[in-house]
Amino acid sequence: IFAAVEMAPRDPILGLNEAFAADTRAEKVNLGVGVYYDDNGKIPLLAAVRAAEKARLEAMPPRGYQPIEGLGAYNSAVQNLLFGKDSTLATSGQVVTVEALGGTGALKVGADYLKRLLPGATVYISDPSWENHRALFESAGFPVENYPYYDAATRGVNFAAMNAKLDSLQPGSIIVLHACCHNPTGADLSDAQWDEVVAVCRSRGLIPFLDMAYQGFADGIAADAVAVRAFSASGLQFFVSSSFSKSFSLYGERVGALSIVTASKEEAGRVLSQVKRVVRTNYSNPPTHGGAVVAAVLNSPELRQMWEDELAGMRERIRAMRTGLVEQLKAEGVAQDFSFVVKQRGMFSYTGLTAAQVEKLKADFGIYAVSTGRICLAALNSKNIGYVAKAIAQVVKS
Ligand code: PMP
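Looking at an unreviewed UniProt entry, one finds the protein named Aminotransferase and attributed to Thauera aromatica K172. Looking at the protein in UniProt, the text filed under Subunit (unreviewed entry) is "Homodimer." Note on the protein: under the UniProt heading Sequence similarities (unreviewed entry), the record states "Belongs to the class-I pyridoxal-phosphate-dependent aminotransferase family."

Spelled out as structure tokens, the structure:
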């Protein structure tokens, strides 16, 4: 039965990691990853997470099945982060939240549910977008198209083109929006532009699906929820996927959630019953550990404060790497203006490096980046930033 099976194309970013691992040069640097490293180049284990895990291990809870929708204390903590602790939406019972296997799992449960709800819809993702968005919605059975987003000339968002495209779509189209820290470009919408997106979703009858994978990595928990809050205030129905992979440094524990804002508590009950069917036929119910740890942190005032401080530390370190890189490129005599790197938000930057320059960085310096020129600023640290700046300078000057 496998004789005619073709080899699937390699995942471009995971393929990069394999090539990096095989590189024997001591000075090699992997800027291709989507992971936050600390200044020692290590994935941090946050102190708040460690404290919650220690308490959990000591309590030795039995490992029964979770409810299909996951842990209640976790799901309400997710709503609190998204909508704010005083949000009437969260207390109204209008929002369905189910624990999911990371942000990816949340997107997939949402996509599968949407396919049952709106089988004829088309999904629109930003151009460019996180590369898994297209594959994920296509695998749920949707045609996937782009809306204009990044403008290489301004290194920002071509909002006029984006807005015009959204304003031309069929009612019932599904629009995937990066809630903050756009991956891969680092270019986000302004608060006023979010209001315009809300308005066009309302006037055209579009279905917004906000992907929140980096809450807290741009300006802070509440500030980074500006898009979610704008949609919440609008009275529209929408979807949100949350990921805690980065913000809790819990990548492998697969901690995420899908939230769906409905029109009423009664509607939410019906929607939840359908989403549970999707979950039940996929993986039945989520794993216990990651969600329990995140819930313990978010629901304890001390641990939550500790986490917010650690999250701020990650955010500030990335910012310092952004300014550091721009300064060091200037010091290396690079005439080209790289100041846009400081304005971009989150872990990534679209540097404008060409595929040939990225290839040269790899061949001559053992510095790995995505061929689109995307680099992860959180992979820079005080020890490798000088080497990386020198290498980029040589590549752009040659
Ligand atoms: N959405 C975006 C925009 C992402 O960048 C990522 C992770 N790289 C995800 C979703 C998936 O998150 P997770 O790793 O929690 O599945």
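K.L.:
Even after reading the chapter, I still don't get the overall build of the protein, so can you show me in this structure?
P.N.:
Counting its secondary structure elements, the protein contains 15 helices and 13 strands. Taken over C-alpha atoms, the radius of gyration comes to 21 Å for the protein, in line with the 21 Å a tight globule of 398 residues would show. Along the longest, intermediate and shortest principal axes, the C-alpha atoms of the protein span 65 × 55 × 55 Å. Out of the 398 residues in the protein, the part that is buried amounts to 45%. Residue pairs in contact within the protein that sit at least 24 positions apart in sequence constitute 75% of those at least 6 positions apart.

K.L.:
Is there a simple way to explain the domain arrangement of the protein in this structure?
P.N.:
Quoted interface sizes are often the accessible area lost when the parts come together. Domain parsing of the protein yields domain 1 (12-45 + 315-397) and domain 2 (65-287). Each of domain 1 and domain 2 was reduced to a C-alpha centroid, and the two centroids are 29 Å apart. For the side of domain 1 that touches domain 2, the element with the highest residue contribution is strand E11 (residues 348-350), accounting for three residues. Residue classes in the side of domain 1 that touches domain 2 are distributed as ten nonpolar, four polar and three charged.

K.L.:
I keep staring at the sheet that holds strand E8 (residues 207-212) and nothing clicks. Help me out?
P.N.:
Strand pairing in a sheet relies on backbone hydrogen bonds. The paired strands run either parallel or antiparallel. Pairing is mixed in the open sheet, where seven strands are placed in the order E2-E10-E9-E8-E7-E3-E4. Across the chains shown, the open sheet's two edge strands, defined by having one partner strand only, are strand E2 (95-101) and strand E4 (144-148). Between one strand axis and the next, the sheet turns by 25 degrees as a mean value, whatever way the strands run. With four bridges connecting them, E8 and strand E9 (residues 238-243) associate as parallel partners. Across the sheet, residue Phe209 finds its bridge partner in E9, namely Phe239. Packed onto the sheet, helix H10 (residues 265-282) meets E2 and strand E10 (255-261) and runs at close to 15 degrees relative to E2.

K.L.:
Would you mind showing me how to read the nonpolar core here?
P.N.:
In summary, soluble globular proteins display a tendency toward joint burial of nonpolar side chains. Grouped together as the largest cluster of nonpolar side chains are 119 residues, with contacts concentrated most on Ile175, Leu210, Val228, Val297 and Met347. For this core, the two domains that each supply at least three residues are domain 1 (12-45 + 315-397) and domain 2 (65-287). Those residues in contact with Val297 that lie beyond four places of it in its chain are Ala48, Val49, Ala52, Leu303, Arg304 and Trp307.

K.L.:
So what exactly am I meant to see when it comes to the site of the ligand here?
P.N.:
Lining the immediate environment of the ligand, one finds Gly34, Gly102, Gly103, Thr104, Trp130, His178, Asn183, Asp211, Ala213, Ser243, Ser245 and Gly256. It is helix H5 (residues 102-117) that contributes the most residues to the shell around the ligand, three residues altogether. For the shell around the ligand, the class distribution of residues is two nonpolar, nine polar and one charged.

K.L.:
How should the packing of helix H11 (residues 289-298) against helix H12 (residues 301-331) be read in this particular structure?
P.N.:
How two helices pack is summed up by the angle between their axes together with the distance between the axes. Two numbers describe how H11 lies on H12: the axes approach to 6 Å, and their chain directions differ by 100 degrees. With respect to H12, the element H11 is oriented roughly perpendicular. Contact residues: Ala296, Val297 and Leu298 in H11; Leu303, Arg304 and Trp307 in H12.

K.L.:
Explanation requested: the packing of helix H3 (residues 72-83) against H11 in the structure shown.
P.N.:
For the pair H3 and H11, interaxial distance at closest approach is 9 Å and the crossing angle is 55 degrees. Comparing their axes, H11 and H3 come out oblique. The two elements H3 and H11 cross, and the hand of that crossing is left-handed. Residues Ala73, Tyr74 and Ala77 of H3 pack against Gly291, Val294, Ala295 and Leu298 of H11.

K.L.:
Explain helix H8 (residues 191-204) here, please?
P.N.:
For the α-helix, the turn length of 3.6 residues means that residues three or four positions removed from each other point alike. For H8, spanning 14 residues, the distance from its first C-alpha to its last is 20 Å, which sits close to the expected 20 Å at 1.5 Å a residue. Among the structural elements, helix H7 (159-166), strand E7 (174-178), E8 and helix H9 (226-234) are those in contact with the buried residues of H8. Directly after H8, the chain includes Gly205, whose backbone phi takes a positive value near 70 degrees.

K.L.:
I keep staring at the pairing of E8 and nothing clicks. Help me out?
P.N.:
Within a regular beta strand, the side chains point alternately toward one face of the sheet and then the other, so they alternate between its two faces. With six of its six residues buried, E8 lies for the most part within the structure. Sheet topology places E7 next to E8; five bridges connect them, and they run parallel. When the bridges of E8 are listed, Ile175 appears paired with Pro208. Where the polypeptide runs from E7 across H8 and back to E8, its parallel neighbour, the crossover connection is right-handed.

K.L.:
Looking at this structure, how should I read the UniProt feature "domain: Aminotransferase class I/classII large" (unreviewed entry) in the protein?
P.N.:
UniProt's entry tags residues 27-392 with the feature "domain: Aminotransferase class I/classII large" (unreviewed entry), counted in the numbering of this structure. For residues 27-392, helix accounts for 46% and strand for 15%, while the C-alpha atoms at its two ends are 14 Å apart.

K.L.:
Help me understand unusual backbone geometry, please; the structure alone is not making it clear to me.
P.N.:
Across residues other than glycine, the phi torsion is negative in most instances, and most of the peptide bonds are trans. Along the chain, Asp127 connects to Pro128 via a cis peptide bond; the corresponding omega equals 0 degrees. In this fold, Pro128 is placed in the loop between strand E3 (123-127) and helix H6 (131-139). With omega at 20 degrees, the peptide bond leading from Asn183 into Pro184 counts as cis. Within the secondary structure, Pro184 is located in the loop between E7 and H8. Unlike most non-glycine residues, Cys181 shows phi in positive territory, near 55 degrees. Here Cys181 lies in the loop between E7 and H8. Positive phi is not limited to glycine here, since Ser249 has a value of about 50 degrees. By the element assignment, Ser249 lies in the loop between E9 and E10.

Calculation criteria
Residues numbered from 1 in each chain as written. Predicted model: local features only at pLDDT ≥ 70, side-chain atom pairs only at ≥ 80, totals over all residues. UniProt positions renumbered as here; feature names shortened; annotations may be inferred. Helix = DSSP H or I, 4+ residues; strand = E, 2+ residues; numbered from the N terminus. Rg over C-alpha atoms; globule rule 2.2 N^0.38 Å. Buried ≥ 20, exposed ≤ 12 C-beta atoms within 10 Å, placed from the backbone. Contact = placed C-beta atoms within 7 Å. Domains from an automatic or database assignment. Nonpolar A, V, L, I, M, F, W, Y, C, P; charged D, E, K, R; others polar. Pairing = 2+ DSSP bridges. Axes fitted to C-alpha atoms, helices over the stretch in contact; angles between N-to-C directions. Core = buried A, V, L, I, M, F, W, Y, C linked by C-beta atoms within 7 Å. Near = placed C-beta within 6 Å. Parallel < 35°, antiparallel > 145°, perpendicular 65-115°, else oblique. Left-handed = near helix turned anticlockwise from the far one by under 90°. Expected span 1.5 Å × (residues − 1). Right-handed = clockwise from strand over helix to strand, strands pointing away.

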